[in-house]
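Summary of structural features
If you want the building blocks of each chain, they are given just below.
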Amino acid sequence: MPVGLARNTKNAAEWFESVTARQPVKATVTAQHFACTRCGKCCYGWLPLTIADAFANAGRFPLAMVWTTVPEASRAFELTAQLGMTVALPKRKRVAVLIAPTAYLPPSFPCPALSSENQCAIHADKPLRCRSMPFYPYRRETDQADMLVPRKGWVCDTSANAPVVYQNHKILERDDFDRERAALVEQAPMLRAYAETILKHYPAVMARVQKTAQNPATGSIVVGFWSFLRHHRTEDPVKFAKAQHPVLIEFISRTAATSMLANYHKYYQESAAELAWFTKQA
Ligand code: SF4
Ligand code: SF4
């Protein structure tokens, strides 16, 4: 099973880091403004997806399961445990683990759906994660203030001319946030059952969880998406493989010549090898 560590600097990886932060940035104002200028700058690197969005985009994104540990002292611990699971550690300690189906792209790679004009080519069908931006339902609603602070290079409008979107720790237009949160809550039992099986049968993954829990700076744990297939009883693995395999082959080629992308290249190779048998079935 491909298991790797990933340290990432952009997009979803920053959101993952924000989940693991012990102290979210404190809001200094009660009303925060935000408008998307459609610069496309946040459409690079990892993109966490719901299970449904991952399968719906198997022919577009190279997929991985990304496991992120959240310490008991974090404000995000309870919600992460609800959306994922808890793992017992030595000395009666626990760690919460978020398990996220993820479009697993190098941080320098644009989303395959981003057009040359930096527009989303699948706007009407884009994943829930993209719809909820800039909010992040893996965090409590009261801890969203710093999600409205643009990351370096992002061209979000947070001036007084932009609409107020967050006030007194409440999201004002909340339909997309609620929809993504509801999907995360609904899928949690399936992800938990999957993760428990993986931890039971793959000691290497448990060792990585324990190591990451002791030192979160070692990064998230990347597990082959194919390992999830047997847990999703309604998804046809042959259909999935026939959609996903060509994507992996393309990304093997795109990452072949860059040594800094060796971990991604290896992951794509191993995942493609795991799916190859299914692609030959009728
Ligand atoms: S699906 Fe569209 S909005 Fe989402 S990351 Fe890709 S290009 Fe951006
Ligand atoms: S970085 Fe900000 S302005 Fe640019 S596409 Fe993303 S949300 Fe919109």
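Below is a summary of the structure that appears in this document. All values reported here derive from a predicted model rather than from experimental measurement.

What counts and how
Residues numbered from 1 in each chain as written. Chains lettered and ligands numbered in written order. Predicted model: local features only at pLDDT ≥ 70, side-chain atom pairs only at ≥ 80, totals over all residues. Near = placed C-beta within 6 Å. Nonpolar A, V, L, I, M, F, W, Y, C, P; charged D, E, K, R; others polar. Pairing = 2+ DSSP bridges. Helix = DSSP H or I, 4+ residues; strand = E, 2+ residues; numbered from the N terminus.

Some remarks on the site of ligand 1
- Close to ligand 1 lie C43, L47, C111, A113, L114, C120, I122, K126, P127 and C130.
- The residue makeup of the shell around ligand 1, split by class, is 9 nonpolar, no polar and 1 charged.

Thoughts on the sheet that holds strand β7 (residues 164-167)
- Taking strand neighbours across the sheet as the criterion, the 3 strands line up as β2-β7-β8 in an open arrangement whose pairing is antiparallel. Each of the sheet's edge strands pairs with one partner strand only, and the pair in question is β2 (31-33) and β8 (170-171).
- Looking at chain direction, β7 and β8 are connected through 2 bridges and run antiparallel. Bridged to Y166 within β8 is I171.

Quick word on the site of ligand 2
- The environment of ligand 2 is made up of 13 residues, and the closest members are C36, C39, C42, W154 and C156.
- Counted by class, the shell around ligand 2 contains 9 nonpolar, 2 polar and 2 charged residues.

Some remarks on the pairing of β7
- Summarising the sheet, β2 and β7 pair through 3 bridges and their orientation is antiparallel. The residue of β7 that forms the bridge with H33 is V164.
- Connecting β7 to the antiparallel partner β8 that follows it, the hairpin turn spans 2 residues, and N168 within it adopts a positive phi of roughly 50°.

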